[in-house]
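Geometric and topological summary
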Amino acid sequence: MRTILLILITGIAGCSSVKSSAPSKTAADQMLTSTAADQAADMLAHALRVKGLAFVDTTYFDLEDGKYAISAIRYALLRTGVRLTDDRPKAESIVEIRVGALSTNEKEFFVGVPNPRSLDSANPAPIVLYRSNTREAVAKLAAFVYDARSGALISGTEPVHGTAKLDRQEVAPGISWETHPPSPVNERSPK
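Residues numbered from 1 in each chain as written. Predicted model: local features only at pLDDT ≥ 70, side-chain atom pairs only at ≥ 80, totals over all residues. Heavy atoms only, no water.

Re the pairing of strand 3 (residues 127-147)
- In this structure, strand 2 (residues 93-113) lies alongside strand 3, joined through 20 bridges in antiparallel fashion. Paired with Glu96 across the strands is Phe144, a residue of strand 3.
- Summarising the sheet, strand 3 and strand 5 (residues 160-171) pair through 12 bridges and their orientation is antiparallel. Note on strand 5: the bridge partner recorded for Arg131 is Glu170.
- For strand 3 and strand 4 (residues 153-156), the ladder comprises 3 bridges, and the chain directions are antiparallel. Within the sheet, the bridge partner assigned to Phe144 lies in strand 4 and is Gly156.
- Where strand 3 hands over to strand 4, the hairpin turn is made up of 5 residues, of which Gly151 adopts a positive phi near 80°. (Pairing = 2+ DSSP bridges. Helix = DSSP H or I, 4+ residues; strand = E, 2+ residues; numbered from the N terminus.)

Spelled out as structure tokens, the structure:
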């Protein structure tokens, strides 16, 4: 009987830990924001009409880690058949892009003892009965296209939104699972 009880206690007692990296954004946050940026860039590129050779103006796209989103927009434009140039004077159209948001939100629900007192450890682990952690990234992008010579508007978009979400659930003790974001945008053939 004692052996069975000891096996049951050993099976129940366990620990789980998740290590996040020390950079300003974790890998999960980076994956989420880049997935949201890919989605928004694809919608943006398909909503714009571009005339001739185009230059992408990033003047109003001032954002930490915004280079990935800029490249995603450029790539999405190329996939729709737009020809790009890095030489502004040669462009027939200017595509001016802007960002409203490119970040993550986090929400956590916790049932258990957050910081039990323990003589064995300076930072005791919480006792988790149930924990739910949701991270969601949002990308809000917009753009308009104007004629490089006359300055006349060719086309524009309302802001588009891309999102990606990661859910992590944990039940007592140490049983956890994650629901990952869907795969990036499907490849579309040029128009």
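Quick word on the pattern of salt bridges
- Here the structure, examined in full by the defined rule, presents 10 salt bridges.
- Of the charged contacts, one joins Arg135 and Asp29 as a salt bridge, the two residues approaching to 3.8 Å between their closest N and O atoms. On the criterion of sequence distance, the pair formed by Arg135 in strand 3 and Asp29 in helix 2 (residues 27-47) is long-range, its members being 106 residues apart.
- For Arg135, a relative accessible area of 15% corresponds to the buried category. (Salt bridge = Lys/Arg side-chain N within 4 Å of Asp/Glu carboxyl O. Buried < 20%, exposed > 50% of the residue type's maximum accessible area, 1.4 Å probe, protein only.)

What about the packing of helix 2 against helix 3 (residues 67-79)?
- Closest axis-to-axis distance for the helix 2/helix 3 pair is 8 Å, and the angle between their directions is 35°. Along this stretch, helix 2 crosses helix 3, giving a crossing that reads as right-handed. On the side of helix 2, the interface is formed by Ser34, Ala37, Asp38, Ala41, Asp42, Leu44 and Ala45, while helix 3 contributes Tyr68, Ala69, Ala72, Ile73, Ala76, Leu77 and Arg79.
- Considering only residue class, the contact of helix 2 with helix 3 consists of 10 nonpolar, 1 polar and 3 charged. (Axes fitted to C-alpha atoms, helices over the stretch in contact; angles between N-to-C directions. Left-handed = near helix turned anticlockwise from the far one by under 90°. Contact = heavy atoms within 4.5 Å. Nonpolar A, V, L, I, M, F, W, Y, C, P; charged D, E, K, R; others polar.)

Re the pairing of strand 2
- Sheet analysis places strand 1 (residues 54-57) next to strand 2, joined by 4 bridges and oriented parallel. Bridged to Asp57 within strand 2 is Glu96.

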